[in-house]
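# Analysis of the macromolecular model
So you can see what is in the structure, the chains are spelled out below.
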Amino acid sequence: MNDRTEERFQEISHRISASDDLEISTYLQVAEARKALAEQEQELPTATKAPAARESVVIFDFGSQYSQLIARRVREWHVYCELLPPDAPYERVAALQPRGFILSGGPASVYDANAPKVPAYVLESGLPVLGICYGMQLLADQLAGSVVPATKREYGHATAYINDTSSPIFSGLPFSLSVWMSHGDKVSELPPGFEVLAYTDNSAITAMGRGNIVGLQFHPEVAHTPEGKNIIRNFLYEMCGCEGSWLAGLFVVDSLSQIREQVGNGKVICALSGGVDSTVTATLVHKAIGDQLTCIFVNNGLLRREEAERNINTFRRNLQMNLVYVDATDRFLGRLAGVVDPELKRRIIGEEFIRVFEAEARKIGDIDFLAQGTLYPDVIESATPETKAAAKIKTHHNVGGLPPNLKFSLIEPLRYLFKDEVRAVGLELGLPDEMINRQPFPGPGLAIRVIGEVTRERLETLRAADWVVMNEIKKAGLYRELWQSFAILTPLRSVGVMGDGRTYANVVAIRAVTSDDAMTAEWARLPYDLLARISNRIVNEVPGVNRVVYDISSKPPSTIEWE
């Protein structure tokens, strides 16, 4: 780190605490996890421990827009799960030692020529199975029932009446349920041995069951089915025998063991961005292998105002580990010159990160592994082979942006976690509030918030506007309530009047959303007075901007980021 950078760190470090005055969120899961961990581990020794046992279910993804929500609902009951394509090899599934299977909905019809099917080993396993929508129709079709096009399709709210209150799937639930339907086919004839468990005015077979196999025509995973959460709980606890033992503390124990086993005597570098994902990753790896880890913080020139200085200051205060700072601004901006396609931006940034790490690794010595903070939403939205039933939404730079000739083996301990679960793990590891509760910041940085070509001038315009947004959001006491809040520099220019003269300047968009895990998000209803202050300050304080707009789109159909 050069002297000027060091001086800059000192110059602004005293301002950091005041502007990042966050508070620790309450996580019931963490309290439970600490108790579980205390009972199992008094002190974590450096020797390798056996991975903690975990309950799990496998969700077969047939392409439903709600598949990720099924996974979220299962995780909320502290049961581990993974989304797999229906053609996943048996060995991949068996390695998870599942207690049961969930079959998602999907856009296909079971009688289509190339319709995906339930793997034979699922129906032969004797384990509990829950089929949802298309999943229920597959059960009917493959177990010798009948599925036909419905004469009257069901989309939206419906009332389901429980036919058999003794069925464990409906244990403790009222006789009538408000449910969410989204289907054009229906089960017209039950498979042998099945019974009707519920019906609606429009569908005589809304739920069916035989032993530990249940099919639901409605979607219990969505918020529009109020009792859906308890239905999934019943499947997990009453039918699969799960107890909800997958907690943050046990995840830590499991991860430390796996990291030690994977790394052995090797050396690891970690891509440290300052966000909660990479910070928790670095902390886990460091706790497992100590000084075998070197963290590399790369300033790619796409960070927010004072981001590099703030992050280094925070790392120094809280993380006692080897840290290398690299200013690669010129390198990244040079590669991005003239690039406007967002997917190409992401791939370039992902590849360039790796090349920087390779260059730094050569200075350090022989490096065997690269650790990075990949999360489950990154994997799902990038449509990797393990989630290929899902449509690709966008390539995440740390998933689809990795070059094929990567010289390191990857360590991704958070690969199957959602953001709230990562925060719970961070709290379990003892990380401070300012690290854990930061709003997410995309790996490609401001490159995907500058719509169109990324230049130094456009980056500075966006940084100034984003600084205003963050400052006003924090002053209003809303930072913790929002999943993300930020500015976007659009490619638009508009006519304005400033100082009695005509202007033709940039349009800045403001985005603020609420969410639990970024898989879905709702646009935030910010107070009008707050929006007015943000707009007024941006127009007056940021050169080259004469118009501010507010994005009122939710996810879906939009995404949180614009690119």
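Now for a look at the structure at hand. (Residues numbered from 1 in each chain as written. Predicted model: local features only at pLDDT ≥ 70, side-chain atom pairs only at ≥ 80, totals over all residues. Heavy atoms only, no water.)

This part is about the packing of aromatic side chains. According to the stated counting rule, one finds 16 aromatic pairs in the structure shown. Both rings, one in Trp 246 and one in Phe 251, keep their centres 6.2 Å apart while their planes meet at 80 degrees; by these two values the pair is edge-to-face. Across this residue pair, the class does not change: Trp 246 and Phe 251 are buried. One aromatic cluster is present, formed by Phe 60, Tyr 90, Phe 101 and Tyr 121 through successive ring pairs. Lying across the ring of Trp 77, Arg 233 places its NZ or CZ 5.9 Å from the centre. (Phe/Tyr/Trp six-rings, centres within 6.5 Å; stacked < 30°, edge-to-face > 60°. Buried < 20%, exposed > 50% of the residue type's maximum accessible area, 1.4 Å probe, protein only. Lys NZ or Arg CZ within 6 Å of the ring centre and 35° of its normal.)

Turning next to the sheet that holds strand 14 (residues 409-411). Read across the open sheet, the five strands follow the order 12-11-10-13-14; overall the sheet is parallel. Edge positions in the sheet fall to strand 12 (322-327) and strand 14, since each has one partner strand and no second. Each strand of the sheet is rotated relative to its neighbour by a mean of 30 degrees, with strand direction disregarded. When strand 10 (residues 268-271) meets strand 11 (residues 293-299), the two strands line up parallel, connected through four bridges. From the neighbouring strand, Cys 270 faces strand 11, where its bridge partner is Cys 295. Docked against the sheet, helix 10 (residues 307-318) engages strand 11 and strand 12, running at close to 160 degrees with respect to strand 11. (Pairing = 2+ DSSP bridges. Helix = DSSP H or I, 4+ residues; strand = E, 2+ residues; numbered from the N terminus. Axes fitted to C-alpha atoms, helices over the stretch in contact; angles between N-to-C directions. Contact = heavy atoms within 4.5 Å.)

Our next topic: the pattern of salt bridges. Opposite charge on two side chains permits pairing when their charged atoms draw close. Applying the stated rule across the entire model yields 26 salt bridges. A salt bridge links Glu 55 to Arg 99, with the nearest nitrogen and oxygen atoms 3.9 Å apart. With a gap of 44 residues between them, Glu 55 in the loop between helix 2 (28-40) and strand 1 (56-60) and Arg 99 in the loop between helix 4 (90-94) and strand 3 (101-103) connect regions that are remote in the sequence. Two residues, Arg 511 and Asp 551, come together in a salt bridge whose shortest N-O distance is 3.4 Å. On the criterion of sequence distance, the pair formed by Arg 511 in strand 16 (residues 501-514) and Asp 551 in the segment after strand 18 (545-550) is long-range, its members being 40 residues apart. Across the pair, Asp 551 and Arg 511 agree in class, each one buried. Three or more residues are tied together by salt bridges with common partners; here these are Glu 472, Lys 475, Arg 533, Arg 537 and Glu 541. (Salt bridge = Lys/Arg side-chain N within 4 Å of Asp/Glu carboxyl O.)

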